[in-house]
Amino acid sequence: MHLPNFLEARTRDKRNYSRVDFSFDSKLQNKYQGKTYYIKTYGCQMNEHDSENIAALLEQLGFQKVDKYTQADFILLNTCSIRENAHNKAFGMLGRIKHLRNEKKDIIVGICGCMAQEESVVERILRDYKFVNFVLGTHNMHQLPEVIEKSIQENKQQIEVFSREGDLYEGLPVLRTNSYKAYVNIIYGCDKFCTYCIVPYTRGRERSRKKEDILNEINTLIRDGYKEVTLLGQNVNAYGKDLYDDYHMDQLLEDVAKTGIPRVRFMTSHPWDFTDRMIDVIAKYPNIMPSIHLPIQSGSNQVLKRMGRRYTKESYLELFHKMKEKIPRVTISTDIIVGFPGESEEDFLETMKVVEECRFDNAFTFIFSVRKGTPAEKLEDHISLEEKEERLQRLNTVINQIFLEKNQKLEGSSLEVLVEGISSKKKMYFGYSDTNKLINFTSEKPLEVGDIVSVKITSAKTWSLDGEV
Ligand code: 5AD
Ligand code: SF4
């Protein structure tokens, strides 16, 4: 049994990690044929992509996917820790599974993902959810087959969570949910330690994949007919810094663009290490999509300082305007936290001012949620929840109005869209533009999923656009 430990997770050193090729234990191949599985995924794209690896591991074990948890012999929750409501959703689901267990005694229940890395969560599971068969951490997902096997054979709860990242596994099987758009991890973990954020504790220090492994994966995707890759990391801009002296995100982006895949996206970018070279590369290659997610979090320098964000409002704006100037048609989206401890009305108005200046194309807005073990947990917080909710509402009213106005400006123009599917109700196609706008559209000529077409925008809504080919 390995229990998580935040003190250990917080300790960072420059240890080298090894790159290990994953191999599946052939004794377990198809061992659970006839059994079914259900994975519930919470949180970010990183988790979604992990679930694609997990699904492939389970199918190699012989499990078959079902669409309802009530039909499954094995239920796995791939969890998220980023805010309290992510916790609540997972614990709510555990409550429902507890009921199900009363009728179906022999279902196996596992928990993985970020919550598995939290001491307080694992303590609660050990205390209140004894039926959970195993908890598996984010650093040792490759052990899933043996942990399932062990929890069945030994019939006791397995807690396998390493708080320090060990090896970086390559060659895990993957069962992708989309045949045209793929996620590709480029860097794991985060070293930034923003004071509110739990990610550095749950995902470990920054570890880049080797460039050859990334490019090989993308070349295979191209051969398989993929049209779009999204390069994933908690902070993709730190790519390569832990691994190479002279090969960083700008070069990787350029090499990925040169593979010729029609669309390249990447997320998430910390403004602190977004270089001019990266901007030049994005501007130079038409297959790098002109759409950047650049979280600002707050527009107040005092709050940014307490958040440990390493930039000021002024330096963020400088970067923002440089991108707008150098990358034709670029759209920029952001994340904003309101109600960070000590945020005054003036601080909040600073954020509103920056929002009015930047007029983001999309923004994810959150109320600060205190995470156990992070430095912000110790900051004094005078603002009531009502006040935070009221600030969030004021912010959302302004950003929604901006989204609508910006979308309305697109009426009459044409955008390149990757066809993702057909919405059955209205016989409409849908997909995202190069600038990452969701578009619902019609076409006289039948289209295939995976086609890239030019769509004329006919009308604008706050969150999407309507159009025709
Ligand atoms: N409370 C609220 N929002 C948070 N985020 C990260 N940690 C917290 C927290 N403790 C938000 C940030 C980040 C996004 C992924 O989630 O805005 O960019
Ligand atoms: Fe969290 Fe900051 Fe790292 Fe993003 S950059 S994952 S907000 S610590």
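Cut-offs applied
Residues numbered from 1 in each chain as written. Chains lettered and ligands numbered in written order. Predicted model: local features only at pLDDT ≥ 70, side-chain atom pairs only at ≥ 80, totals over all residues. Heavy atoms only, no water. Helix = DSSP H or I, 4+ residues; strand = E, 2+ residues; numbered from the N terminus. Expected span 1.5 Å × (residues − 1). Buried < 20%, exposed > 50% of the residue type's maximum accessible area, 1.4 Å probe, protein only. Arc of directions from axis to C-beta. Contact = heavy atoms within 4.5 Å. Domains from an automatic or database assignment. Buried area = accessible area lost by both parts, 1.4 Å probe. Salt bridge = Lys/Arg side-chain N within 4 Å of Asp/Glu carboxyl O. Polar contact = N/O pair within 3.5 Å; in protein donor to acceptor, adjacent residues only side chain to side chain. Near = heavy atom within 4 Å. Nonpolar A, V, L, I, M, F, W, Y, C, P; charged D, E, K, R; others polar. Pairing = 2+ DSSP bridges.

**Q** Residue-level account of helix α3 (residues 84–103), with values.
**A** The α-helix winds at 3.6 residues per turn, so residues separated by three or four positions along the chain end up facing the same way. If you check α3, its first and last C-alpha atoms are 30 Å apart, about what 20 residues at 1.5 Å a residue would give, namely 28 Å. Taken together, the buried positions of α3 are occupied by Ala86, His87, Ala90, Phe91, Met93, Leu94, Ile97, Leu100 and Arg101. Down the axis, α3 shows its buried residues gathered within 165° of arc, on one side only. For α3, the exposed residues set more than 90 degrees away from the buried face come down to Lys89, His99, Asn102 and Glu103. Structurally, α3 contributes buried residues whose contacts are with β2 (36–41), β4 (74–79), β5 (108–113) and α4 (119–128).

**Q** Would you mind going over the domain arrangement of the protein in detail, with residue names and values included?
**A** In terms of domains, the protein is made up of domain 1 (6–160), domain 2 (178–284), domain 3 (290–408) and domain 4 (414–468). Taken together, the contact between domain 2 and domain 4 spans eight residues of the former and 11 residues of the latter. Summing the contributions of domain 2 and of domain 4, the shared interface buries around 710 Å²; its carbon and sulfur component is 51%. Looking at the side of domain 2 facing domain 4, the largest losses of area belong to Tyr180, Arg263 and Arg265, adding up to 64% of the total buried there. Run the count over domain 2 and domain 4 and you get one salt bridge. Connecting domain 2 to domain 4 are seven residue pairs in polar contact (both at pLDDT 80 or more).

**Q** Could you give an account of the site of ligand 2, with specific residues and numbers?
**A** The environment of ligand 2 is made up of Cys190, Lys192, Phe193, Cys194, Tyr196, Cys197, Val199, Pro200, His270 and Arg309. Taken together, the residues that form the shell around ligand 2 break down as seven nonpolar, one polar and two charged.

**Q** Which residues make up the environment of Thr312, and what values do they have?
**A** Residue position: Thr312 is located in the loop between α10 (301–307) and α11 (313–326). A C-alpha to C-alpha distance of 9.7 Å links Thr312 and Trp272, two positions 40 residues apart in sequence. Not counting chain neighbours up to four residues away, the residues in contact with Thr312 comprise Asn301 and Leu304.

**Q** Any chance you could break down the pairing of strand β12 (residues 228–232) for me, citing the residues and the numbers?
**A** For β12, the buried fraction is high: five of the five residues fall into the buried class. Relative to β12, strand β9 (residues 181–185) is paired through five bridges, and the arrangement is parallel. Pairing of Val184 across the sheet is with Leu231, part of β12. By the bridge criterion, five bridges tie β12 to strand β13 (residues 263–267) in an arrangement that is parallel. Residue pairing for β13: Leu232 is matched across the bridge by Met267.

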